[in-house]
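Structural overview
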Amino acid sequence: MTNITFNNVTNRLKAAGKIKSEADMGNLLGKGQSYVSSRKSKNRPPSLDALTHLAFNLEQDIQEFQDEAREGLASAEEWESASILWDLQNEVFAVIRETVQRDRPEIFDRHPELKRMTSWIKD
């Protein structure tokens, strides 16, 4: 099973220039500013809901980058940032898919866009 930790995600999002703090990370996860510190203190990974918010926020950022790249407006730093976000997005989608298939397969029925977005991930 793919494992995702707050530290790993936070460090990568900082490297991509998307966040500066754990509070920013909480907002990106669709949660409050203290979400990350609270979950970390309890030694709990991000929730499925939080990962889903993150996946869709990453998708939006990547789409914006692709639009700029098509227009020839993307800088070298933006290409590097996008590369980090693509890798992270792939990992987040893999964790979501594994979790949903294992624990909550009915979510795919309610959210067909999530099934579509994770369907290419190999078992």
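Conventions adopted
- Residues numbered from 1 in each chain as written.
- Predicted model: local features only at pLDDT ≥ 70, side-chain atom pairs only at ≥ 80, totals over all residues.
- Heavy atoms only, no water.
- Axes fitted to C-alpha atoms, helices over the stretch in contact; angles between N-to-C directions.
- Helix = DSSP H or I, 4+ residues; strand = E, 2+ residues; numbered from the N terminus.
- Parallel < 35°, antiparallel > 145°, perpendicular 65-115°, else oblique.
- Left-handed = near helix turned anticlockwise from the far one by under 90°.
- Contact = heavy atoms within 4.5 Å.
- Nonpolar A, V, L, I, M, F, W, Y, C, P; charged D, E, K, R; others polar.
- Expected span 1.5 Å × (residues − 1).
- Buried < 20%, exposed > 50% of the residue type's maximum accessible area, 1.4 Å probe, protein only.
- Salt bridge = Lys/Arg side-chain N within 4 Å of Asp/Glu carboxyl O.
- Core = buried A, V, L, I, M, F, W, Y, C linked by side-chain atoms within 4.5 Å.

**A closer look at the packing of helix α1 (residues 6–15) against helix α5 (residues 76–103)**
For the pair α1 and α5, the least separation of the axes is 9 Å and the interaxial angle reads 155 degrees. As summarised for this structure, α1 and α5 are arranged roughly antiparallel, according to the angle between their axes. Like other packed secondary-structure pairs, α1 and α5 cross with a definite hand, here left-handed. Residue-level contacts link V9, R12, L13 and A15 of α1 to I84, L85, D87, L88 and E91 of α5. Of the residues belonging to the contact of α1 with α5, the class tally is six nonpolar, no polar and three charged.

**Thoughts on helix α4 (residues 48–70)**
In this model, α4 (23 residues) spans 33 Å end to end at C-alpha, consistent with the 33 Å of a helix rising 1.5 Å per residue. Every buried residue belonging to α4 is among L48, A50, L51, T52, L54, A55, L58, D61, I62 and F65, and all of these are buried. Following α4 by one or two positions, G72 has its phi on the positive side, about 75 degrees.

**Considerations on the pattern of salt bridges**
Tallied over the entire structure, the rule returns five salt bridges. Between D61 and K18 there is a salt bridge, with its nearest N and O atoms 3.8 Å apart. Taken as a pair, D61 in helix α4 and K18 in the loop between α1 and α2 (22–28) lie far apart in primary sequence, 43 residues in all. Between K40 and E22 there is a salt bridge, with the nearest N and O atoms lying 2.6 Å from each other. Of this pair, K40 sits in helix α3 (residues 35–41) while E22 sits in helix α2, and the two are 18 residues apart along the sequence. Judged by its relative accessible area of 31%, K40 is partly exposed. You can call E22 partly exposed: its relative accessible area is 28%.

**A few points about the nonpolar core**
Generally speaking, soluble globular proteins have nonpolar side chains that are buried together. Among the nonpolar cores identified, the biggest contains 27 residues, and L13, M25, L29, L54, V92 and I96 are the most heavily contacted of them. Breaking this core down by element, the ones donating at least two residues are α1, α2, α3, α4 and α5. No other element matches α5, which puts eight residues into this core. If near-sequence neighbours (up to four positions away) are discounted, L13 is found in contact with K18, I19, M25, L28, L54, L58, L85 and L88.

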